[in-house]
Amino acid sequence: MSKTSKIARDQHTIELMVGIYCRHHLGLEEMPPAYRELADYACRRLEHCRWGEEKPACKDCPVHCYAPEKRAMMQEVMRWVGPRMIIYSPGATLRHIGQCFFIKGKKKK
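Residue positions within a chain follow its written sequence, with the count starting from 1. Totals for whole chains, interfaces and linings use every residue, but because this is a predicted model, local features are given only for residues with pLDDT of at least 70 and side-chain atom pairs only at 80 or more, for both listing and counting. As a rule here, side-chain values cover all heavy atoms of the structure and leave hydrogens and water aside.

Here we look at the nonpolar core
Phase 1 of the analysis: With 21 residues, the main nonpolar core has Val18, Tyr35, Met74, Val77 and Val81 as its most contacted residues.
Phase 2 of the analysis: A helix here means a DSSP run of H or I that spans at least four residues, while a strand means a run of E at least two residues long, and both kinds are numbered starting from the N terminus. Of all the elements in the fold, those that place two or more residues in this core are helix H1 (6-25), helix H2 (33-47) and helix H3 (68-81).
Phase 3 of the analysis: Here this core gets seven residues from one element, more than from any other, and that element is H1.
Phase 4 of the analysis: We call two residues in contact when some of their heavy atoms are within 4.5 Å. Not counting chain neighbours up to four residues away, the residues in contact with Val77 comprise Met17, Val18, Tyr21, Tyr35, Leu38 and Gly82. Take the buried residues of types Ala, Val, Leu, Ile, Met, Phe, Trp, Tyr and Cys, join any two whose side-chain atoms come within 4.5 Å, and each joined set is a nonpolar core. Using a 1.4 Å probe on the protein chains alone, a residue whose accessible area is under 20% of its type maximum counts as buried, one over 50% counts as exposed, and one in between counts as partly exposed.

Section: the pattern of salt bridges
Phase 1 of the analysis: Salt bridge, as used here, is a side-chain nitrogen of Lys or Arg placed within 4 Å of a carboxyl oxygen of Asp or Glu. Scanning the entire structure with this criterion turns up five salt bridges.
Phase 2 of the analysis: One salt bridge connects Lys6 with Asp10, and the closest N-O pair in it is separated by 2.8 Å. Here Lys6 and its partner Asp10 are both found in helix H1, four residues apart, which amounts to about one turn of the helix. When sorted by exposure, Lys6 lands in the same class as Asp10, which is buried.
Phase 3 of the analysis: Measuring nitrogen to oxygen at the nearest pair gives 3.9 Å for the salt bridge that ties Asp10 to Lys55. Taken as a pair, Asp10 in helix H1 and Lys55 in the loop between H2 and H3 lie far apart in primary sequence, 45 residues in all. The pair formed by Asp10 and Lys55 is uniform in burial state, with each residue classed as buried.
Phase 4 of the analysis: Among the ionic contacts, a cluster of salt bridges with common partners joins Lys6, Asp10 and Lys55.

A closer look at the packing of aromatic side chains
Phase 1 of the analysis: Pairing of aromatic side chains requires ring centres within 6.5 Å, counting the rings of Phe and Tyr and the six-membered ring of Trp. Pairs whose planes differ by under 30 degrees are stacked, by over 60 edge-to-face, and all others tilted. The tally for this structure, following the rule as stated, stands at three aromatic pairs.
Phase 2 of the analysis: Taking 6.1 Å as the distance between ring centres and 80° as the angle between the ring planes, the aromatic pair formed by Tyr21 and Trp80 counts as edge-to-face. Residue Tyr21 is located in helix H1, and its partner Trp80 is located in helix H3; the two are separated by 59 residues in the primary sequence.
Phase 3 of the analysis: Its relative accessible area of 17% is what places Trp80 among the buried residues.
Phase 4 of the analysis: Centre to centre, the rings of Tyr41 and Tyr66 are 5.4 Å apart; their planes meet at 85°, and the pair counts as edge-to-face. Of this pair, Tyr41 sits in helix H2 while Tyr66 sits in the loop between H2 and H3, and the two are 25 residues apart along the sequence. Residue Tyr41 shares its accessibility class with Tyr66, and that shared class is buried.
Phase 5 of the analysis: Put simply, the rings of Tyr21, Tyr35 and Trp80 pair up and form one aromatic cluster.

Here it is in structure tokens:
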């Protein structure tokens, strides 16, 4: 079994979260173009993250690389989906919680 990069996992999680938001909050079967563009934008930002595989969660990052409009849209998506992720994707939720503790723990040393 090959190890998936943190960036690839985060990209998968972004796609999942935007999809859940569109399906369950907006009531749409398919992602509308604006949200498809948001997911693609977020994945591109992850590909070019200056921290690479050591990146913190975006909310904890000292450098906010999203354009203001995209940042506001992503915050809206994450605020709605975040508390529901344990229901829709428990594995991704546990990985994210672990990542937050792991990165914060490394900073304290």
